[in-house]
Every structure is written in C-alpha cells, then in structure tokens.
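Examining the three-dimensional arrangement
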Amino acid sequence: MRKPAKKKKAPHARVSSGHKGLAAHDHRLGQSALRRIAEKIFKLSEADETEVDVSAVTSALTRFANNTIHQNVAEQGVTISVRAVVDGRTARASTNKTDEESLRRVTAAALELAQVQPRNPNLLPMLGPQKLQKVDRFSAKTAAATPADRARAVTSVCKMADGKKQTSAGIFSTSLSEFALANSRGLFEYYQDTRAEFSVTMLEKDSSGWAKATSARIDEINPQALAERASKKAADSRSPREVPPGQYTAILEPPAVLDLVGFLFYDFAGTSVHDQRSCFTGRMGKKLFGGNISIWDDVYHPLQLGPPFDGEGMPRQRVRLVDGGIPVNLVYSRATAKQMKAKPTGHGFSLPTEDGEAPFNLVFSGGSASTEEMIRSTERGLLLTRLWYIREVDPYKKVLTGMTRDGTFFVENGRVAGAVRNFRFNQSIIDMLANVEMMGPAVRASGEEAFDMVVPAMKVRDFHFTEVTKF
Amino acid sequence: MKSWANLAIEKALARRASYADVRVMDIRHRDISTKNGQVGRMSEGESLGIGIRVIAEGAWGFASTDRLTTEGIESCVAEAIAIAKASAMAKRHDVVLAPEQSFVDTWQNPFVKDPFRIPIETQIAVLLAADAEMRKVKGITLAEGSMSFRCIEQLFVSSIGSAIHQMKMQSGAGIVATSFAGEEIQKRSYPNSFGGQHMLRGYELIEELDLVRHAPRIAEESVALHKAEKCPEGKRTIILDSSQLGLQIHESIGHPIELDRVLGMEANFAGMSFLTLEKLNSLRYGSDIVNVVADARLAHGPGLGTFGYDDEGVLAQCTPIISSGQFTGYLTNRETAAAIGQPRSNGTMRAESWNRLPIIRMTNISILAGDRKFEDLIADTDDGIYMETNRSWSIDDRRYHFQFSTEIGWEIKNGKRGRMIKTPSYSGITTEFWNSCDAICSRDFWTLWGTPNCGKGQPMQTMGTGHGAAPARFRNVKVGIASSD
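Residues numbered from 1 in each chain as written. Chains lettered and ligands numbered in written order. Predicted model: local features only at pLDDT ≥ 70, side-chain atom pairs only at ≥ 80, totals over all residues. Heavy atoms only, no water.

Before going further, it helps to examine the overall build of chain A. The number of helices and strands found in chain A is 10 helices and 19 strands. For 471 residues, the compact-globule estimate of 2.2 N^0.38 gives 23 Å, and the C-alpha radius of gyration of chain A, at 23 Å, lies within 12% of that figure. Based on the C-alpha atoms only, the size of chain A along its principal axes is roughly 70 × 55 × 35 Å. A burial count over chain A gives 66% of its 471 residues as buried. Sequence separation of at least 24 residues holds for 74% of the intrachain contacts in chain A that already meet a minimum separation of 6. Element-wise, carbon and sulfur atoms account for 48% of the exposed surface of chain A, whose accessible area totals about 16,000 Å². Within chain A, the 53 negative side-chain charges are centred at a point lying 1 Å from the centre of the 65 positive side-chain charges. (Helix = DSSP H or I, 4+ residues; strand = E, 2+ residues; numbered from the N terminus. Rg over C-alpha atoms; globule rule 2.2 N^0.38 Å. Buried < 20%, exposed > 50% of the residue type's maximum accessible area, 1.4 Å probe, protein only. Contact = heavy atoms within 4.5 Å. Areas by Shrake-Rupley, 256 points an atom, 1.4 Å probe, with all protein chains shown as cover. Lys, Arg positive; Asp, Glu negative; His and termini not counted. Charge placed at Lys NZ, Arg CZ, Asp CG, Glu CD.)

With that settled, consider the interface of chain A and chain B. At the interface, 87 residues of chain A touch 96 residues of chain B. Carbon and sulfur atoms make up 50% of the surface buried where chain A meets chain B, a total of about 8,000 Å² over both sides. Counting the contacts that link chain A with chain B gives 12 salt bridges. Ionic pairing is found between B:Glu46 and A:Arg105, a salt bridge with its closest N-O pair at 3.1 Å. Scanning the region where chain A abuts chain B turns up 51 residue pairs in polar contact (both at pLDDT 80 or more). It is strand S2 (residues 68-86) of chain A that contributes the most residues to the side of chain A that touches chain B, 11 residues altogether. Taken together, the residues that form the side of chain A that touches chain B break down as 33 nonpolar, 29 polar and 25 charged. Relative to strand S3 (residues 59-65) of chain B, S2(A) runs parallel, the two being bridged by four bridges. Along S3(B), the bridge assignment pairs A:Ala74 with B:Ala63. (Buried area = accessible area lost by both parts, 1.4 Å probe. Salt bridge = Lys/Arg side-chain N within 4 Å of Asp/Glu carboxyl O. Polar contact = N/O pair within 3.5 Å; in protein donor to acceptor, adjacent residues only side chain to side chain. Nonpolar A, V, L, I, M, F, W, Y, C, P; charged D, E, K, R; others polar. Pairing = 2+ DSSP bridges.)

Residues and elements named next belong to chain B. On the basis of which strands lie adjacent, the open sheet formed by four strands has the order S13-S12-S11-S16 and antiparallel pairing. On the outer flanks of this sheet lie strand S13 (326-327) and strand S16 (365-367), each paired with one strand and no other. Pairing of strand S11 (residues 292-295) with strand S12 (residues 318-323) involves four bridges; the strand directions are antiparallel. Counterpart to Asp 295 in the pairing with S12 is Cys 318.

All names here are of chain B. With 14 residues, helix H5 (residues 211-224) extends 20 Å between its outermost C-alpha atoms, agreeing within 8% with the 20 Å of an ideal straight helix rising 1.5 Å per residue. Residues Leu 211, His 214, Ala 215, Ile 218, Ala 219, Glu 221 and Ser 222 constitute the buried set of H5. One side of H5 holds all its buried residues, which, seen down the axis, span an arc of 165 degrees. Buried positions along H5 lie against helix H3 (120-135), strand S6 (163-181), strand S7 (184-190), helix H4 (204-209), strand S18 (401-413) and strand S19 (416-422). (Expected span 1.5 Å × (residues − 1). Arc of directions from axis to C-beta.)

Compared with an ideal rise of 1.5 Å per residue, which puts 19 residues at 27 Å, helix H2 (residues 70-88) of chain B spans 27 Å between its outermost C-alpha atoms and is within 8% of the ideal. With respect to burial, H2(B) is a largely interior element, 14 of its 19 residues being buried.

Listed below in structure tokens is the structure:
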C-alpha cells in the first residue's frame, strides 16, 4: 500500500503500535533521566535558544496468521532531537546515540543547520514554563506485558478459529512510551503512556470478518470477545451476492466512520485554511453538515490518548470545531495564530515545520440509536464493517474513494438480508455528514486509515457506491 | 559493527537458536522543505541500532535495540529467544527455510556527488528558486518543494557464515504548484507527485531534475486546470504516462505477487491476493506485449529496490513476473519459497530500519520497454485520453479492483493531443486492464521511478520501491467515474 505522503504524524509521543515487554519489570527511563539528557544538551549548546525532545519507546507486537504466530517482534529505542535557534533561524537535528560525543555532535549540528538558513519572520521566542492539566494514560500492567502473555491470548484465538474451521490473522501489541520536551527558557514537560492493541480478521473460503480495539489499559482489551465478533462476521458474510452499485442508505459501524472522517483532521488546521487547501476555506461559520453533527478536539476526553501539550510545549486546549453542523473554530500553533490573528490552541507540530498544526483528538457528538435500530429502520441499504484504502479524490468537495472490506451486508425491509460483494465508493464527506439520519453513542474507534478517534456508528442516506469488486 | 554483530550471533547460538541473523544499521538523513518562499522543514538525523532475528524451538523471534553495549546486545538476544519461545506456543510446524549459500561481500551503489557534502544553503536555494518561479504565475496559491537524502550503512551477519556490508545513498526531490479558485483545488507536481523522484543516486539526480526550469510549466498548468474540460464518463482508450504506469504496476502487480500476502500472512492489514498458487504459470495476467520483472540488480538501474543482497543475505536477482502476458513469478523469501516447494528465495526481504523485521517487499518491479515512440502512439490513437501524474490511488484488499486519478489529462482526437482535461480518472479489474494493453513505448521513454512511501507490515514499515515504466496504451477502460456527480 502506498501511503499518502501528506498524512501527518502527531507532533510527538503518539505511540505507534507496539512496545517491548521482556519481563514484568519496569522499562521506563523515568522523568529524571530524560531531564538529565536535556540538561546536558543545554550545557553544550551555543545557540540563542535550545529545545530538546527526548523520547523513549519500548514496544512489542505478536503477529499471527493461518492460526499460528508467524512474526513476533520487540524494539527498544531512544531518540534525542535538538532544535537550535540563532538570529531568527531554526533547525533540528536528531540522534539515538546517548554518549557524550554524540550529544555534543547533535547539538552542534542543529546550530550549524540553523545558521545557514534564511531568517524566518514567523519564528517566535520559545515558551517558558507552562501549567499543564494532568492526564493518566499509563498502565503498569500494559507496560509489563510479556511475549508469553501475548502468545497465550493469541493461542486461544487461534484455537477458537481452528474449532470453527476458520482462519485467523491479526496482531496483539503492547507499548510504553515516554516523552520529555524541554527548552532553554525553563520549560520542561513530561508525558508517558502505554498502549495495547488487538486486531483480528477471521477468514472463511469466501468471507471474512474483522474487529479491533486499542486502549492504554490492557485490561480493557478482550481478545477473545473481539475474535468472536470477527468470527460471527465471517460466518454471516458467507456466499456474498453481487448487488448493483448506486446510492444506498449506508449504516457505518464506528471504524468505518472513523476511517472516513479521519481525513478531515488536517482541514481543521489554521495553516491548512491559510494555505487555501482546506475544505473549510471560505466556509467557516456556514452551515456545512447536518445540525446533528458537532465535533470537538479534546485530548482530555476519557477515551482519548496523547500528551496534553503540543510540539512547542503549549498546553492543548479543548476546541469546539463544529457546532450543530457549522464549522466554528480551527486549531492553531503559536506562529499560525499570529499570522491569522487568532489565539494558539496548543496543537502545533514540532518546529521547524511547514505544516503548522492539527487536531489529533477528535471527538464527535453521538446519538443513542443502536445499530439494530438503524437496521430496523432501513428499507434498503448496506451495513459496513470496515473500509479500506481510502484516498482523497477531490480536496475541496472532500470526495474520498475506497473499498468496503471484511463484512458488507445487504439490509432489506428492516433486517440484514445476507452478505454482498465489496463495493468501491466515491463519497463526499461533507455530503455524508449532511445526510446522517441516526447515530449511536460515540465510542473509541480504531481503524487502519486514521488514528483512533471517538466517533459513533452512523446511518447515512444516499451514500455513493460506484463499482463492485469480485469478492 | 562487526563485533556487535558477531557477539549477537555467538550469544544467540549459545542460547540454542537453530538459526540467527543480525543487521546493524546506521542511517543518516537530511530533509528540507519549502513553502511559499520560506523554509519549512529543516532537519538532519542519525539512527544506529541492531536487529536480531532467531529461530528457537522451531519458531521466529525478533528483538532490536539501540543499546550497543555487551549488556545491551546480550539482553536483546535474550529477548529475541524469549519471543521465539513464546511464538512456539502457537506453532503448527517448525519454520523451514529454503537453502541459501553464505556470502562475504561488500556492496555500494555508485553515486557522483555526496548530497550530505553539498552545502545546505545550496539545496535550500534551489528549492526557493523553484518556489519563486511557481509563485510568479498568477493564480498559484501554494508553492511547495522538498528534498530528502538517506545514507544507509548496513552489516548483515548470519549463523550460516554470511557477512555482508552494504551502503546505499538515496536522493529525492520534487515540487508542487497548487491553485485554489472558486470551488476547486488543482495542483501539478514535478517530476512526480507525492515527493517527486527518488533513486539510489547522489546529488547529481537533483541537478538533473532541474526543478527550477520545470517550475513555471507546472504552475501554469495548475492554474489552467480550472478552465479545463471535465473528464468524460464511459469506456475510452487511455494512454498513461510512465510515472502513473509505475504506480499502476506497484498496486496491481507489485503487491499481489508478494507471496506472504498470497499465503495469508498479511490478511489482517494489507490484505491478501487474487494470485492464488494455482495461477502461477497458468494465469494470463496481461496481453502478449506485457513483460514485467522484479529486478534488484544494479544492472536494472539505481532504483529504490536496488541492492546487492536482501536482508536475509540472498543475492539480488532478476525474476520474471509476467512473461509475454503469462504470470510466471512471485516475490519470495527463504520461508515462503520453501513453503511452496521452490528451491531458493528470489531475494526480496527488506526492513525499513534496524528496529524492524525484514518482510517481503517489492524490489524494482518494472515493465519492459516496448517498441513505440511516444509521438507515434499519440498519432496512432483516434479517440482517447492521455493521463499524467498520479493524484489519487486505491485498490481492494485482494488487488482486483482499482481506481486511479491523475493531476492532468489531454483529450486525443484523430492522432492529436487536444483539450486539457481536469482530474481524469480510470478504474477497472487488474487482469482485464493489463490484457487491454496494446502498445508500450520504447526504452527512450522508459523511466525507473522511485516510490519512497510504500507501507506494509505490522508494525508498519515504509519502504522505497522502484518501478520502471514507459508510456503505454490501454483499450476500453472505464473513465470518469470518480469525478461524476
């Protein structure tokens, strides 16, 4: 799969799946160790201002397919990234070597890189100390998960698949991440989190089902229940028939909603609107979606993960992005806020960057409808488990294309009437969010195209399915 | 590097690994970007570490660390062994590897100018000059440029006696002109979209691309697209430029031939493949003129899929994938080759970095040149659309059904290139599409494109792949469905 080059990574400390957990002992370097590294660099630096990011990740991932573990990996690493500012110029250098000489070299490299650049008129002085709201996203149990812990859960799922004459494939990963951001103006911020992730696909001869969950706490992940869900989807989607493409009412389960609305996140960046490449350019304050759609960026939401500060150390704010279908606010880094005469919201990327900022903790308003109620109220439609290979066709109309996958069902006269072959869709998200007829409660959803968000299941009228594939 | 690698092998064998291999990698990068007259990203970095892969109790384990001390490496080996033992809890049979000989060798791709020795201010100046040229064109709302350089030094050592030192120098650059007007965002990229062109070459590649010279043209085209015709809907003859054909190869040939995908190992994420085992040597993949190879040898060119040895210590090879339209080969590694009874891996195991497990990846998956001149191909087409530079791409998880759109197109009428078409799109089923190919341009029009951003695996690994292609013509292809209202 070719990845879109412009897909942004969160500024830092967003743990990618995985962690290392050799044994039930603590792998954390700890706040003091990270602070010591930063302080060493401040002593070495000759820049006007110096910023240091130190991140330490231990992660592990157990991967299974064909009802056996076929890949099983672990990693441990530290990255030290130094940003120097000199005479209105800035640049960044990084290393994973922690010896004295390497720290000296990376500090000097950042300065040298900065010195040869043109002055940046938008560069602001570094922040001083900030007051942060506390978040607790660390689980000692997740951090201590061992290869044997993961293997036991996976073995159990593989046995279940064997018993049902199905084939299982998936991952079980655990990770621990620490991140410190410090600068020579006295700012020091530290964040740690853990993450557990289980994803499973169950396959039969002509069908498949899928389920996935992520959480900071491994206790909240139930591999067996997820596997049961995927297994039922696979059984229910046997012998798919072909139905013609066209406009259908679509009932999207939360992962399918997530992977579509995830494409909106960078449109909410002030920089994106300033650059006139956001679908909200010229549309702020105008009714765009249905009145039932409200969207927040909220890192403090109990179902969210991530640090409470941005790439410059600015505390993240809770921002109402869409209110009753009207886009009302954007997020801003400090520099973008100055350019656009707005207030920074604590969503900036690490500097230097041309990308500005983005909201990484989207939370959609939900409803109270169950998926069953959505099905019961649908005369003719499609129930979608998961979407795949979504790409942007039109950035202003926000038309996306992609495929359905791993459980696509026909709904007729208020009930599920069998499985159907997978569709290609070409659908404007703007139109989709204007056509939402029912919503379920917002839940933490995890997919493969977007980072995790808090979104509901949705029943959407007039969803554009344009072609059908062969399975 | 050698002492760390040897220590890891020694410790793995002492802990009763039946096989072990180790990669020590030292990766250096430089990334520069500009936007609307200012420097955006400006960073350099380095990453050094070791990845240790073992078979113990008949199952795989992999661990990696950047703690390159005796204690750090011993601990990493212990973890790899512990992971292998955990894997063995769910094993159905012992891992079997196809036989492979040992190699002691060094390899480096040739380059003329070390990009890390070119002053950064020179590189920034090129990007800013191209940026200025783009913004001179009225209607351009966003001008962007980027350069990236990688120097990857790697030592592979295995318990069968291989010790292979390789060094790769990679360079890439591109520019994009975007124009927002009315209710439409149009863009043009050079020399390719999504980061430009990338190869295993030095700074000479950047000089040859001559970004500044091409900047005005793409800016003018970007603005002109607002007034261009909409893509018609229906079945048409299409001609794809070589970069779009390279991506078509990547998605509809390169991925489906990955044998791990075929065998279900990627089912949870990247998906599977329609190329089930009985199709080898029996499926008509394309028309008689379609010949595709997977070629990692330097003789094929300095592509992002070029190397001396893969990350399992297997010598770079050329494998026929499609021969006169017939499907003839998968991308394999030692384990999957053994699983389907092939005598040897064809050498496609690659890892993004020291902290990632090697998996089957595309090398240079290229269509061999045909015999047509581009001008003759246009002159020989009565009614069609010429499409250039990818804009969007999507394909199902078994690689049957695809849809692509490009940044720009031109109507072809009676052998002449005519009106400009905005955001042309086409879609189809893989084998039907390749069987509709009736003309491929000659070697003079063939380019080895680099795709630097291919994602696969869990955890995700981003890898560069190479795709040689020349403009080609396809008949009776569905167009315009992506842009229909």
